[in-house]
Every structure is written in C-alpha cells, then in structure tokens.
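Each chain, letter by letter, is given below.
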Amino acid sequence: MTAERSILPLELRQVGFSAGRKLLIKELSCTFSANSRSVIIGPNGAGKSLLLRLCHGLLAPSAGSIVWHGAAGREPSFYQAMVFQRPVMLRRSVAANINFALSLRRVPRGARPALIRDALKRTGLSRFARHQARVLSIGEQQRLALARSWALRPQVLFLDEPTASLDPSATHVIEEVIDAIHRAGTKVIMTTHDLGQARRLADEVLFLHRGRLLEMAPSEAFFAGPRNDLAQAFLRGELLWWQRRELTPP
Amino acid sequence: MTDFGSALAAAFSLVIHLDRDLGEIVLLSLRVSVIAVFVAALIGLPIGAAVALFRFPGRTVVAVILNALMGLPPVVVGLIVYLLLSRAGPFGVLGLLFTPTAMVIAQILLVTPIIAALTRQVIEDLWVEYEEQLRSLGAKPRRALATLLWDGRFSLLTAVLAGFGRASAEVGAVMIVGGNIDHVTRVMTTAIALEVSKGDLALALGLGIILVVLSIAVNGAAFVLKGTAERGQAR
Amino acid sequence: MLPKPVWLGLCLALVLSGAAQADDPFITVASTTSTKNSGLFDHLLPRFEDATGIAVRVLAVGTGQAIRLARNGDADVLLVHHKPSEQQFVADGYGVARLDVMYNDFVLVGPADDPARIGGMSDAPAALARLAAAAVPFLSRGDDSGTHKRELALWRAAGIEVGTVSGSWYREAGAGMGATLNTAAAMSAYALADRGTWLGFRNKADLTILVAGDQRLFNPYGVILVNPAKHPHVKAALGQRFVDWLVSPQGQAAIAEFRINGEPAFTPNAAPP
C-alpha cells in the first residue's frame, strides 16, 4: 500500500453525458485531488449518481474526457471500489462475498482470510461471517458492501447515497466506517441528499444542478455561505420547482 | 371403455410384482432422460446466459428463436435425427440409429432450447440486479457469466426440471430414432404408445400412472434438495 | 465456442448412454405392427434365439415405412405384407430375394348393429360398395401401410374413388392398425383390419367381424434379406440365418403353433426345402 503510487488526481475535462436526446451532464470540469473527502450534493435529478458512474468508469462520457493523472501500473479501475445506494450481495455467505471480490482482484488465496477477517472486524460484522449475506438487514448489508470495498484496499472509494435507505443509527455506523476508511488513506468521493451528512463528512463540497457543476468549495466555506444563489436556495430548502426545471428563473 | 379402476389395478399389479420388463423400461427411461438433460444443461445454461449477458447483433433474433424452439415438435426432431443417423445419412457409419444414444441425441435437441430459453430469462433478470456491482468489482464477462449461473442456481434448477419433464414425457422423437425395440430402446412413453396400439388401454394408463408418479418423485426430490440447500445456506 | 468442461461432459454422457449396449450378436428386422402387436414375434423370437444365439431387434412400423427403413439400410431383414412393393424392392436391388413365409387374411370389421347390412357377405368389394352407398363411417389407416394399400386396391375393385369423399363418410386416420381400431371403436365405424392384430386387440367395444373369407382378402407375408451389395454394413450372414430359420420346418412349425385367444393367427406357407 505504502509503496504503491497514486492514480490521483482525477481530472474531468468538459465532460458531457447524454441519454437519447437528453443532455444529463453538461460541460463539467473539475479536479479531485488525493486524500480529501469530496461530497457531491444537489437536488434529485441533478446528475450526482451519473457523475460517480462516469468517474468510476461504469459509463463512458459522450463528450469530454476523464483523466487519471497518476499512474500506478494497472488500469485505474483496479484501484477503485464503489458502494451503491442499494447493496448488491451475491447469494452466498458474508465471507464468500468478500472473497469473491478479492478473487476478482487476483489477491492470492493465502492472503485473503486475513483481509476478510480484518474487513469484517472493522465493520463489526465478524460474527456474521458464515451467514447468508442476503438474510442480513439492509444496514448490515450496506456495512458488508463497505467491508467488501475495504478489503480491496482501494485508492478511491465511490459511494452513491450509501445511507439513503437506512435509519439514523445504521446511518451513523456507516458514516463511522466511511470515516475510518478515509483515515486509512482512501480518497472518498460520495453523493448524498442528506445535508447533515455532507457537513459531517465533507472536506470539499460540489453542488450539482441540472447536470452542471455550479459550485465546488471547501466544506466550511460552502456551508458558511455558497456564492451560487441556487446553492444558497438549496441549503435553505427553498429551491422551487421552476428553479429545478430551469437553469435561470423566468 | 376401460375405466380408471382397472388402470389403477394394472399399475398397482405391475409395481407390486416388480415386473422385470417394467424395471428395465423405467431404468432406460431415466437413463436416457437424465443423460440428455445433463448434456442439454451443459450446453443450454451457458448459451442462455450468454444471450442474456452479451450484446451482439441479432441478439433479439436469437432470443426469439430460442423461445420458438421450446415448442419444437418432437416428431420433427425425431425425423431430423433419423435422417442424420440413418445408414443413408451423413452419420450413418456410426451405427447409432435405434440405440439409446440416438434417443439421447434427439432429446438433447428437444431439451436444450427449453433450458437455454428459461436460463436466458432467469439470467437476464439477475443481470439487471448484478451488472453494475460485478462491473465495478472488475468481473470479466466469462467470470460474470459463471457468477450469474451459480447465483441463479435455484431458479435454474426449475429450468432443468422443465427440460426433464419434456424429455421424460416425449414419445414422438424417441419412437422414430429408438424404434421402440423390446429390451433395447423401449422406454415408458413408447411402451404406453404400444399398449394403446394393442388396444390395452388399462395397461397403457397403468404405465402412464407409473410415469406420472416417477415424474413427481424426481421433481419432489429436486424440491427437497433445493430446500435443504437453501436452508443450509441460511445457517 | 463451448468451454472445455462442456466437451468433456458431452463425451462422458455419450459414452455413458452407449455403455449398457449389448455386445451380443443381433440383427434388426423392419416389420409391421400386425406381426408385432399380435404377439407373433414374442412367440417366434425366443425360439430363434435359443436355436442360434442371435438376438432380433424388431422395428414395428407400417409396411411402407418398413420398406423405406430397409431401403436406407437401417434394417437387415424386411418382413412385411404387400407383395407388389416387396417385389419392387427386390427388383430395385435393395433386397436379395423375396420368400413366402406365411399368410393370414384381412377382415372387414364394423359395429355389431351393422347399419349398412354387410354382415355375412363373401364379396369384399361388393360389401365396400354397399358401405359407400349407405355413406356409413369408414375409417382407413391412411398411412401407406400394407393394410392401407390392400384397402385401396379393394376400393378400386369396387369402382369407388375414395379420394374424392375423404373427410365425409370416408375418414383417414393416418395411424397404425391399433390406433385406427381404437378410433373406429370409439366412432362405431367400419374398418379393414389384419386378422392377427384383430385377434389380439383388447379394445373392440362393439366392433365385430362382418366380412371375411374372400380370396381378395388373402394377406401373404414375405421375408427379404436387405442386399449387402447396396449396404455393405448389413449383417448378411446373421440376417440370412433368420430368413433360413423362418422358412425352415422348425420356423414354419413355430408359426403354425402360434395362437391368439386359442385361434391360429397365421398359416405358414414357405416353399418346402
């Protein structure tokens, strides 16, 4: 891990993405640097999840380019992991789910048990190791999704509204795990619609609206008072329906 | 007309007397169908999964053809296999016509589309759920395919059982390529057809009842297997 | 295109499916449903096997299909009952020679109440003509079998063109003798049947024999060894032993002693050696 070179920073240049005739991401440019936690916020339909998928390589941009400036030897995707809003667990045991991910990354068989044990311990799932993954509660499954990502020791972890389907206590546990993964040296890029969560976790905030990046600022500065007036309205909970539909008020 | 009473009596009498010919016929039926379904699953599961997974030109056409082939008339399959295996046909030198192997080949042709089509449906649904996760983890297509087949195994068992049902109940194809030869290629369904043609409807129905009971036993066994496997996993 | 384990599985399965096949010498005889369903083969074959150690696999199909099977080389011996087709088969070089084996006769069966009043007639074509006049249901095999060919010849002799009335009172089952009799029994129709099948048939309902004994109902069976010159894989030596045994005194005696419900079903008529 320490000897490994970083794939960061990640630069998006004039990235666009369209589905059919609809332009969903528009001329988006920004740079993600190493080590910080970047949190993307914005109203529903802003394109937050799309942006994560473009960065992670699950979708290809229809315009512009996505460039990983660092080079660590293998393809950039090898050093990334992603946790989805709804955890997708294979129909096998908790430990086998993590083992599956490790086998895909060609981690030697002998090295896997220690990684699995460690990941389960850090997410408080040790006692469930032999359980069928899909009988766990949603909160536990999301922790398992984090454990699975953690075991991979990614340089970059994407999280797409990881607590959207969870209750407050489960949310709290997930946030602790995310924080721990970050402290262990992983770059975190996540989306959320929970402003409290954004305040708690973000080092920098990106405000996305109708497929455009309207503001990108350090967390304290953003929450102290965003420069963009739509972002201000969003923080106040006053982003009106017509503002959601139009970029500028009529 | 013969009533069900005498049919039941005929079935019962065949079973309690442990009729040797009946045993032979039942064993051959099971052997032919089980081997055919085994091979059909080996071919049909990967094909069905591949059609579900991969985007290639003509994919929809392939899916439609697979679904249509599920209803392939056994007699047509029998005829095709007969023409292929006949001494006058391209594979005549193998001397396979009127052997259990010929029956297995015909049933493989009948059952593979069923298993492939049902597999495609199961795997397609599963792929919707798994696609992003598997791609995020870096699964290559072949690995993704294997993972989907394994994770869909309980639903796929149903597809395989549907194939077995078709194979064991089918008479048209095995009659043509097997010839219903006593002690060599006579199976349950052709034996039933023979008794019908002799006008012994009670015996035919009796054999039919035994076939149904066998089919229930096989399906029941599969269900129990599936139940214990799932419970074992939940622990 | 298929991965390696699949090929291995395929090979294994095919080996398995063939594994239990007997290595004993055997021949394949293409014959008719009448000889098989009547039980004649069940009576003859054990005796032949005891005498020679050769197992016989019987394909019981219609005469037409039996001849096609033999023509394709899918059988070693042909035992059927339509002399013109058999002679053609030999003339075309597919068969070595045709030998008389036995005969029985066809019978015209119909409902016991006999609405067309043909019971007891001795002239088969005349009886058929009366069926046509009364337009009572008649069920034909319609499957190009020996029985079907004979039935068509009888209609021609009666001067009736059944092709034009097919679907009205004249109906073609397109099925074997047994299936045709089942259908005829269910719809109380008249039908032409071979005596062997009729005697062994278990589902007669109210059907009964109405016309029999006409010369033109004579039903000879011939045996032919498929010509190894056409199909080199034909088991000519083994097949010849079966042919020889059928026309031998032992074979002929075995045919003569075969009974269905106490009645003789076939009369041996091979030329004396």
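Data block above holds the structure.
First, a word on what this report is: a plain description of the structure on this page.

About the criteria used
- Residues numbered from 1 in each chain as written.
- Chains lettered and ligands numbered in written order.
- Predicted model: local features only at pLDDT ≥ 70, side-chain atom pairs only at ≥ 80, totals over all residues.
- Heavy atoms only, no water.
- Helix = DSSP H or I, 4+ residues; strand = E, 2+ residues; numbered from the N terminus.
- Rg over C-alpha atoms; globule rule 2.2 N^0.38 Å.
- Buried < 20%, exposed > 50% of the residue type's maximum accessible area, 1.4 Å probe, protein only.
- Contact = heavy atoms within 4.5 Å.
- Areas by Shrake-Rupley, 256 points an atom, 1.4 Å probe, with all protein chains shown as cover.
- Lys, Arg positive; Asp, Glu negative; His and termini not counted.
- Charge placed at Lys NZ, Arg CZ, Asp CG, Glu CD.
- Polar contact = N/O pair within 3.5 Å; in protein donor to acceptor, adjacent residues only side chain to side chain.
- Pairing = 2+ DSSP bridges.
- Axes fitted to C-alpha atoms, helices over the stretch in contact; angles between N-to-C directions.
- Patch = residues over 30% accessible without salt bridge, like charges linked within 9 Å, V, L, I, M, F, W, Y side chains within 5 Å.
- Salt bridge = Lys/Arg side-chain N within 4 Å of Asp/Glu carboxyl O.
- Buried area = accessible area lost by both parts, 1.4 Å probe.
- Nonpolar A, V, L, I, M, F, W, Y, C, P; charged D, E, K, R; others polar.

Let us now look at the overall build of chain A. On a plain count of helices and strands, chain A comes out with nine helices and nine strands. Here the C-alpha atoms of chain A give a radius of gyration of 18 Å, agreeing with the 18 Å that 2.2 N^0.38 yields for 250 residues. A principal-axis box enclosing the C-alpha atoms of chain A has dimensions of 60 × 40 × 35 Å. Going through the 250 residues of chain A one by one, you find that 53% of them count as buried. In chain A, of all internal contacts separated by at least 6 residues, the share reaching a separation of at least 24 is 70%. Working note: accessible area of chain A is about 11,500 Å², and carbon and sulfur atoms make up 50% of it. Here chain A contributes 35 positively and 20 negatively charged side chains, and the mean placements of these two sets differ by 9 Å.

All names here are of chain A. Relative to the helices and strands, His182 resides in helix α5 (residues 168-183). Assessed through its relative accessible area of 16%, His182 is described here as buried. Within the structure, His182 has its side chain in polar contact with the backbone oxygen of Asn35 (distance 2.4 Å). Here His182 is in contact with Asn35, Ser36, Arg37, Val188 and Asp203, once residues within four sequence places are set aside.

Looking now at the arrangement of the chains. Here the protein chains form two pairs of chains in contact, of which the pair with the most contacts is chains B and C. Over all C-alpha pairs, chain A and chain C never come within contact, reaching a minimum spacing of 20 Å.

The next point concerns the sheet that holds strand β4 (residues 63-68) of chain A. Residue and element names in this part refer to chain A. Spatially, the three strands line up as an open sheet ordered β2-β1-β4, and their pairing is antiparallel. The open sheet terminates on both sides in strands that have one partner only, identified here as β2 (22-32) and β4. Within this sheet the neighbouring strands show an average axis-to-axis angle of 20°, counted without direction. In terms of strand pairing, strand β1 (residues 10-19) meets β2 through seven bridges, oriented antiparallel. Among the inter-strand pairings, Phe17 is bridged to a residue of β2, identified as Ile25.

On to a nonpolar patch on the surface, then. Together, Val76(B), Ile80(B), Leu84(B), Phe91(B), Val93(B) and Leu94(B) line one region of the surface with nonpolar side chains, adding up to about 560 Å² of accessible area. Positionally, Phe91(B) belongs in the loop between α4 (74-85) and α5 (100-137).

This next bit is on the pattern of salt bridges. A side chain of one charge can pair with a side chain of the opposite charge when the charged atoms of the two come close. Within the structure shown, the criterion is met by 32 salt bridges over all chains. Bridged by salt links that share partners, the residues Arg37(A), Asp179(A), Arg183(A) and Asp203(A) form one connected network.

Contacts between chain C and chain B engage 30 residues on the former and 32 residues on the latter. Counting each side, the surface lost to burial between chain C and chain B is near 2,700 Å², with a carbon and sulfur contribution of 63%. Where chain C packs against chain B, one counts one salt bridge. Applying the counting rule to chain C against chain B returns 11 residue pairs in polar contact (both at pLDDT 80 or more). Among the secondary structure elements, those contributing two or more residues to the side of chain C that touches chain B are α1 (4-19), α2 (33-37), β2 (55-61), α4 (63-71) and α8 (177-187) of chain C. The leading source of residues in the side of chain C that touches chain B is α1(C), at eight residues. For the side of chain C that touches chain B, a count of residues per class yields 11 nonpolar, 13 polar and six charged.

Attention shifts here to the interface of chain B and chain A. Residue-level contacts link 19 residues of chain B with 23 residues of chain A. In this assembly, chain B packs against chain A so that about 1,900 Å² is buried in total across both faces, 47% of it on carbon and sulfur atoms. Applying the counting criterion to the chain B and chain A interface returns four salt bridges. Note that Arg91(A) is salt-bridged to Glu129(B), the shortest N-O span being 3.7 Å. Counting every contact that joins chain B to chain A gives 11 residue pairs in polar contact (both at pLDDT 80 or more). Broken down by element, the side of chain B that touches chain A gets its largest block of residues, nine residues, from α5(B). Split by residue class, the side of chain B that touches chain A holds seven nonpolar, five polar and seven charged.

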